[in-house]
Amino acid sequence: MNLDRYRNIVRETERKYINVNPIQRGGVLTPEARKALLEFGDGYSVCDFCEGLLHEIEKPPIRQFHEDLAEFLGMDVVRITAGARYAKEAVMSALCEEGDVVVADSLAHYTTFVAAEKAGATVREVPNTGHPEYKVKVDEYARVIDEVEDERGDPPALALLTHVDSEYGNLADAEKFVKICRKKGVPALLNCAYTMGRMDLSNLSPKPDFMVGSGHKGMAACAPCGVLAMREEWEEEVLRGSSLRGDVSGREWPHKEVEMLGCTVMGAPIVTMMASFPHVVERVKRWKEEVRKTRWFVKEMERIEGVRQLGERPKRHDLVKFETPGFHEVAEDHPRRGYFLYEELKKRGVIGIQPGQTETIKASVYGLTDEQVEHVVRAFHEIAEEYGLEVS
Ligand SMILES: Cc1ncc(COP(=O)(O)O)c(C=O)c1O
């Protein structure tokens, strides 16, 4: 065993390169969170004054944070989880019985599927419009819910919509989704991994029963952390306390929430999320500015021969997927094959494109300055021209 490899673990960070990986842009720490990370890096660092329930700790102000976060989201009750996936898992585990069905959009993240599988459920998909826009047909939730009910005699245990999907960055109609679910009597979960912490979600009407988010994807927090928010009426079921009793010891833990396994994230992740919260509350107000920047980025990228943005047009979210057949043709004859694009970008100070991939690429300029976005665009244009692709 060579332990030396663990002694100086380094990363090509934000400070040296511009990182355009969509999965990482919303999780970049604020200076306040970096400071808190050092302060609270030790294991159970938030537990000095715990009286038995993580979400009720007063110092640091975790209890207050739960209240403020619920208000920020326009929801009633919040818990911090180890990621959006754990929030989905908690809901599905509480609501689903073995053999139940969860209805989800056909752009849903894989974590929706594995969470459902873990809860013993299967997933029925609501279609999308296909190439090139791939818009989820939200109206069809009604049809799919009815079909499940007709076949099984029982409605689906849950319906889930991915607010913005991880493939095309399409913004789905959350309010229409919730209206349909409410009418059908099916609990509605909105997966806000790509919207919570970017967009103001407090005015959704009607409100979903559950909202899940990702701290490390959208709330300027370090991994692993996420958010489970719900309407009050679900609190008793989803956050039920333990009912087991030790048959020898007679011990019991009625206040420990079963779906949260008693406690969830208890160190640096939750504190970085709190430390970034004032910044996040402010940044959602500047969302329009982010969309404007993204649209400019798309326009400039599409000046490159063959490049076409996939997903809905015009963009309403920073995650962008492009078809890049010109770069793909270059890769076929290049000694570094698909890696050429990653390496050429890196030479110009840009990272975050999936190494080896040239047929399609995903990028985000969320949180970058206009100068940084111009730098990214210049890098792509230069590479295109160097390899004989026209830039109009
Ligand atoms: C749409 C969507 N949902 C959920 C997740 C998983 O989030 P987490 O890592 O917080 O569990 C992702 C991660 O990429 C995602 O894109």
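The following refers to the structure shown. It should be emphasised that the depicted structure is a prediction, and the values quoted were computed from it without experimental measurement.

**Topic: the packing of aromatic side chains**
Evaluated as defined, the whole model comprises 10 aromatic pairs. Seen from their ring centres, Trp-287 and Tyr-366 are 6.2 Å apart, and the 45° between their planes marks the pair as tilted. Of this pair, Trp-287 sits in helix α11 (residues 287–301) while Tyr-366 sits in the loop between β12 (360–363) and α14 (370–386); the two residues are 79 residues apart in sequence, bridging distant segments of the chain. Classification of Trp-287 as buried rests on a relative accessible area of 11%. Judged by relative accessible area, which is 3%, Tyr-366 ranks as buried. Ring plane angle 65° and centroid distance 4.9 Å describe the contact between Phe-340 and Tyr-387, whose orientation is recorded as edge-to-face. Residue Phe-340 is located in helix α13 (residues 339–347), and its partner Tyr-387 is located in the segment after α14; the two are separated by 47 residues in the primary sequence. Phe-340 sits in the buried class, given a relative accessible area of 1%. Look at Tyr-387 and you get partly exposed, because its relative accessible area is 26%. Of the aromatic side chains, those joined through ring pairs into one cluster are Phe-327, Phe-340, Phe-380 and Tyr-387.

**Regarding empty space enclosed by the protein**
This structure, assessed with the given rule, holds 1 cavity of 30 Å³ or more. Approximately 90 Å³ is the volume attributed to the largest cavity. Its residues assigned to classes, the lining of the largest cavity shows 5 nonpolar, 4 polar and 2 charged.

**Here we look at a nonpolar patch on the surface**
Judged by side-chain polarity, Met-1, Leu-3, Tyr-6 and Ile-9 come together as a nonpolar surface patch covering roughly 550 Å² of accessible area. Considering the arrangement of structural elements, one finds Leu-3 in the segment before β1 (18–19). Its relative accessible area of 42% is what places Leu-3 among the partly exposed residues.

**Observations regarding the nonpolar core**
Most often, soluble globular proteins have nonpolar side chains that are buried together. Membership of the largest hydrophobic core comes to 65 residues, with the highest contact counts inside it found for Leu-69, Leu-73, Ile-80 and Tyr-141. Residues within four places of Leu-73 in sequence aside, it is in contact with Val-78, Met-196, Leu-201, Ser-202, Met-211, Val-227 and Ala-229. In this structure, Ile-304, Val-320, Phe-327 and Ala-331 belong to the second largest nonpolar core, which totals 30 residues.

**A few points about the side chain of Glu-300**
In this fold, Glu-300 is placed in helix α11. The contact partners of Glu-300, leaving out residues within four places of it in the chain, are Val-377 and His-381.

**Topic: the pairing of strand β6 (residues 188–191)**
Burial along β6 is two-sided: the residues Ala-188 and Leu-190 and Leu-189 and Asn-191 are all buried. Relative to β6, strand β5 (residues 158–162) runs parallel, the two being bridged by 4 bridges. Its bridge partner lying in β6, Leu-160 is registered against Leu-189. The parallel pair β5 and β6 is bridged by helix α7 (residues 174–184), and the resulting crossover is right-handed. When β6 meets strand β7 (residues 210–214), the two strands line up parallel, connected through 3 bridges. Bridge pairing in β7 links Leu-190 to Met-211.

The rules behind these values
- Residues numbered from 1 in each chain as written.
- Predicted model: local features only at pLDDT ≥ 70, side-chain atom pairs only at ≥ 80, totals over all residues.
- Heavy atoms only, no water.
- Phe/Tyr/Trp six-rings, centres within 6.5 Å; stacked < 30°, edge-to-face > 60°.
- Helix = DSSP H or I, 4+ residues; strand = E, 2+ residues; numbered from the N terminus.
- Buried < 20%, exposed > 50% of the residue type's maximum accessible area, 1.4 Å probe, protein only.
- 1 Å grid on protein atoms, 1.4 Å probe; cavity = no way out; pocket = protein on both sides within 12 Å on 5 of 7 lines; lining within 4 Å.
- Points joined across faces, edges and corners; volume = space filled by probe spheres on them.
- Nonpolar A, V, L, I, M, F, W, Y, C, P; charged D, E, K, R; others polar.
- Patch = residues over 30% accessible without salt bridge, like charges linked within 9 Å, V, L, I, M, F, W, Y side chains within 5 Å.
- Areas by Shrake-Rupley, 256 points an atom, 1.4 Å probe, with all protein chains shown as cover.
- Salt bridge = Lys/Arg side-chain N within 4 Å of Asp/Glu carboxyl O.
- Core = buried A, V, L, I, M, F, W, Y, C linked by side-chain atoms within 4.5 Å.
- Contact = heavy atoms within 4.5 Å.
- Pairing = 2+ DSSP bridges.
- Right-handed = clockwise from strand over helix to strand, strands pointing away.

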